[in-house]
Amino acid sequence: MNAFVMGKDQLKGLLNEVKELGYNVVAPVLEDGIIRLCSVESGDQLATNVVTVQSPGRYAVKESELVFSFTHGPDSPKRFLYPPLRKTWKMEKDGGHFELKEAACGGDKIALFGIKPCDLASIEVLDRTLLRGKYADPQYTSMRSNTALIVANCIEPSGTCFCASMGTGPRAKAGFDLALTELPGGFLVELGTELGEQMIAHLQKRAAKPEDLKDADRLTEAARSKMGRELDTNNLRDRLYARLESPEFKEIAERCLGCANCTNVCPTCFCTMVQDIPSLDGRTSERQVTWDSCFTYQFAQVAGGHFRPELWARYRQWMNHKFAYWLDQFDTFGCIGCGRCITWCPVGIDVTESVKDVQEVKQ
Amino acid sequence: MSEHRMPEGCMVPRPMVIENVTDETYNVKTFRLRPTDGGKVEYNPGQFNMLYIFGVGEVPVTASSDPYQSDYLDHTVRAVGSVTNVMFTLKKGDHIMIRGPFGTTWPMEEMKGKDVMVVGGGIGMNPLKSVIIGVAKKRSDYGKLFLLHGARTPQDLLFTRDHEDWRKIPDSEFLVTVDAGDDKWKGNVGVVTTLFDKFKFDPNNTVALLCGPEVMMYFTAKELMKRGLPSSSLYLSMERHMKCGMGLCGHCQTGPFFVCKDGPIFTYDSISRFFGVKQI
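Conventions adopted
- Residues numbered from 1 in each chain as written.
- Chains lettered and ligands numbered in written order.
- Predicted model: local features only at pLDDT ≥ 70, side-chain atom pairs only at ≥ 80, totals over all residues.
- Helix = DSSP H or I, 4+ residues; strand = E, 2+ residues; numbered from the N terminus.
- Rg over C-alpha atoms; globule rule 2.2 N^0.38 Å.
- Buried ≥ 20, exposed ≤ 12 C-beta atoms within 10 Å, placed from the backbone.
- Contact = placed C-beta atoms within 7 Å.
- Domains from an automatic or database assignment.
- Nonpolar A, V, L, I, M, F, W, Y, C, P; charged D, E, K, R; others polar.
- Pairing = 2+ DSSP bridges.
- Axes fitted to C-alpha atoms, helices over the stretch in contact; angles between N-to-C directions.
- Arc of directions from axis to C-beta.
- Parallel < 35°, antiparallel > 145°, perpendicular 65-115°, else oblique.

For the rest of this paragraph, the subject is the overall build of chain A. What chain A contains, in helices and strands, is 13 helices and 16 strands. What you see for chain A is a C-alpha radius of gyration of 22 Å, in line with the 21 Å of a compact globule of 363 residues. The principal-axis extents of the C-alpha atoms in chain A amount to approximately 65 × 65 × 40 Å. Residue burial in chain A is summarised as follows: out of 363 residues, 48% are buried. Relative to all contacts within chain A whose residues are 6 or more apart in sequence, the contacts with residues 24 or more apart total 72%.

See the structure below:
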């Protein structure tokens, strides 16, 4: 792999170079004390010199000498590749004649700048889920054919991180156009594609030396042990299948609010609601697809019945989907270990603890 | 990135004209639909379509028509929710739209040469009607045909206009029961499993197809296995909340299965680990 080192002052310039290539650049921005992913106009908007402090139900940022090594906020690539509200089509009815007025198409060329390795892995999970199955989501497929990925490897993970357990971080191995690792004296820039090469063509840089690569190895390896959470994934699916009827789900549901924060911040939760929005005169109707959550009461409800009326069953659905069902469905875990569901849970339910708890057989 | 082509009719619904509306029971009607584009509507028994009422919404319903023709579709619908209640106001000449067909099929090929047992509970008879038509049409391809139909009351029995024809199918038995009879009812009373004492079948040469409320399918499956039917000869049709029909919206998940694309027809063996688990 080609690797270079660029000065830390080149970071904003790199973003501008990506912009020059015609991309809508989505990058971390500090907003209301939170790292958000936003569409940006220039590198000056980029969040820098902060790190995040995260624990169950808590999130804060603090100043740091590290320029670009903070972990994520609540937003994930999902918000841009699989937006919360999408229009599938619009149709006009005139008696028995139906005319398709608008049909979904893809969006801009999007560059996701500075996403973490776990979030890169989340895109792979979404790809397996939404475009490699029997049916592909056409909008997602189109978005993915126009995505550029610039990863910032992790050297300063947060208290709710467990990507090392899920095998998705702290360092991205493949699947990116560019990967940055913050070293004491600059950024190691690893090229994944020709597009990545174009991005840095006009930047000041030097070829990486063996000691630069060693530094990056050392820093990202050290990050493994700094993660606040861990999860034993060995044979996890079968262990959870053996505990489908664990009474512990009811204990967890005593604390769970069913608010769906966890599914909204989850980078891989893909469930959607399909709704038809008619115009007031009834002549046109628009089909909208919006994010939904298996925690909502209506999710598994049908006219005349309800398949998951109780919250403990909805928690089980979500947790088992992530760590068991997903493997059968898409040959990967549905969890990438980002810890967002732990941080953004209003009551601080820790999914790594839940997974352990339901396996415990109490006397 | 690999190329993915969406099969026709997956995302955008196709207009159909209602050719005929038949009252089946006090709350069930059959709608015969013909494509306005003059094209064909092919499907296999057990598959469903998303029926769309313009501006109102969609519901998944399995077709109940003759699977050996492709000019029209029959969809038998019970008025239970916001979409089906609107559907009940529609008349001949009105339009609805469909997406589909989606999902897996009854094992019409695999059961050739074998005896076929069809067990339908209430509206669960709907997805089985095309099997009955299919077996009757290719009668020599299959062995004996056992038709078992249970309903809550005599008024809930489905396709009563067809019962005379079904009784005339060669080499078949047709048994009906209701949970609660009325003054006029002279037939069997009891849940559908009580019918198993009233006839004999060869468990080693029978394939059983079940559709109805989950609790009915659960006890029917147990009873059939108790009587020696191998679990590998059991098929069932599952129902869940469905929004897309394509395994993308996530609503229909049952354990690791998407009922819309991995089902709705499942072999008992494939789903047994999760079937009957409360609120799965």
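Let us now look at the overall build of chain B. Of regular secondary structure, chain B possesses five helices and 15 strands. Relative to the globule expectation of 19 Å for 280 residues, the C-alpha radius of gyration of chain B, 18 Å, shows essentially globular dimensions. Looking at the 280 residues of chain B, the share that counts as buried comes to 48%. Considering only residue pairs separated by 6 or more positions, chain B has 70% of its internal contacts joining residues 24 or more positions apart.

Bringing the environment of Lys109 of chain A into the picture now. Residue and element names in this part refer to chain A. Note on placement: Lys109 falls in the loop between β7 (97–103) and β8 (110–115). Owing to 15 C-beta atoms within 10 Å, Lys109 belongs among the partly exposed residues under this scheme. Taking the C-alpha atoms as reference points, Lys109 and Leu21, separated by 88 residues in sequence, lie 9.6 Å from one another. For Lys109, the residues in contact, after removing those within four places along its chain, are Gly22, Tyr23, Asn24 and Asn146.

Further remarks concern the domain arrangement of chain A. Residue and element names in this part refer to chain A. For chain A, the assigned domains are domain 1 (3–225) and domain 2 (236–359). On a C-alpha basis, the centroid separation for the pair domain 1 and domain 2 is 25 Å. Counting residues at the interface gives 39 residues for domain 1, matched by 32 residues for domain 2. Contributing elements (two or more residues each) for the side of domain 1 that touches domain 2: β5 (58–63), β6 (85–94), α3 (117–130) and α5 (163–166). Classifying every residue of the side of domain 1 that touches domain 2 by side-chain character gives 18 nonpolar, eleven polar and ten charged.

Moving on to the pairing of β5 of chain A. Residues and elements named next belong to chain A. Judged by how many residues are buried, β5 sits mostly at the surface: zero of six residues are covered. Note: strand β4 (residues 50–55) against β5, six bridges, orientation antiparallel. Residue Ser55 lies in a different strand from β5, and its bridge partner there is Arg58. Taken together, β4 and the strand that follows it, β5, pair antiparallel across an intervening segment of two residues, in which Gly57 is found at a positive phi of about 75 degrees.

Residue and element names in this part refer to chain B. Sheet architecture is open: six strands sit in the order β4-β3-β6-β1-β2-β5, paired in antiparallel fashion. The sheet is open, and its two borders are formed by β4 (57–62) and β5 (73–78), each paired with just one other strand. This sheet shows a mean twist of 40 degrees between the axes of neighbouring strands, independent of strand direction. The pairing of strand β2 (residues 28–35) with β5 spans six bridges and is classified as antiparallel. The partner of Thr30 across the bridge, within β5, is Thr76.

All names here are of chain A. Buried within helix α13 (residues 351–359) are the following residues: Val351, Thr352, Ser354, Val355 and Val358. All buried residues of α13 fall inside an arc of 165 degrees around its axis, so they share one side. Contacts made by the buried residues of α13 are with α9 (248–255), α11 (311–330) and α12 (340–343).

Turning our attention to the environment of His241 of chain B. Relative to the helices and strands, His241 of chain B is located in the loop between β12 (234–237) and β13 (253–254). Residues His241 of chain B and Glu173 of chain B, spaced 68 residues apart in sequence, show a C-alpha to C-alpha distance of 34 Å. Setting aside residues up to four positions removed in sequence, His241 of chain B forms contacts with Ala300, Gln301, Val302 and Phe307 of chain A together with His251 and Cys252 of chain B.

Many descriptions give the size of an interface as the accessible area lost when the pieces come together. Residue and element names in this part refer to chain B. Taken domain by domain, chain B consists of domain 1 (14–102) and domain 2 (115–237). Here domain 1 and domain 2 have C-alpha centroids that lie 24 Å from each other. The interface of domain 1 with domain 2 comprises 15 residues on the first partner and 14 residues on the second. Those elements giving two or more residues to the side of domain 1 that touches domain 2 turn out to be β1 (14–25) and β5. In the side of domain 1 that touches domain 2, the residues fall into six nonpolar, six polar and three charged.

Contacts between chain A and chain B engage 45 residues on the former and 35 residues on the latter. Those elements that place two or more of their residues in the side of chain A that touches chain B are β6, β7, α4 (138–144), β13 (272–278), β15 (301–302) and α11 of chain A. Looking at the side of chain A that touches chain B residue by residue, the classes come out as 24 nonpolar, twelve polar and nine charged.

What follows deals with the packing of α9 of chain A against α11 of chain A. Residue and element names in this part refer to chain A. Taken N-terminus to C-terminus, the directions of α9 and α11 make an angle of 105 degrees; their axes are 8 Å apart at the nearest point. The orientation of α9 with respect to α11, classified from their angle, is roughly perpendicular. Contact residues: Phe249, Lys250, Ile252 and Ala253 in α9; Leu311, Trp312, Tyr315 and Arg316 in α11. Tallied by class, the residues present in the contact of α9 with α11 amount to six nonpolar, no polar and two charged.

What follows is about helix α1 (residues 11–20) of chain A. The α-helix advances 3.6 residues per turn, and as a result positions three or four apart in sequence lie on the same side. All names here are of chain A. Buried within α1 we find Leu11, Leu14, Leu15 and Val18. The buried residues of α1 occupy an angular sector of 100 degrees when the element is viewed end-on, so they sit on one face. Tucked inside the fold, the buried residues of α1 contact β2 (24–31), β8, β9 (147–152), β11 (186–191) and α6 (194–199). With its phi angle positive at about 95 degrees, Gly22 sits one or two positions after the end of α1.

Right, let's get into the sheet that holds strand β10 (residues 188–189) of chain B. All names here are of chain B. The strand order β10-β9-β8-β7-β11-β12-β15 describes an open sheet built from seven strands, whose pairing is mixed. Each edge of the open sheet carries a strand with a single partner, namely β10 and β15 (265–267). Of the strand pairs in this sheet, strand β7 (residues 115–121) and strand β11 (residues 206–211) are connected by six bridges, and their pairing is parallel. Across the sheet, Val119 pairs through a bridge with Leu210, a residue of β11. Against the sheet, helix α2 (residues 126–137) engages β7, β8 (145–151), β11 and β12, with an angle of about 155 degrees to β7.

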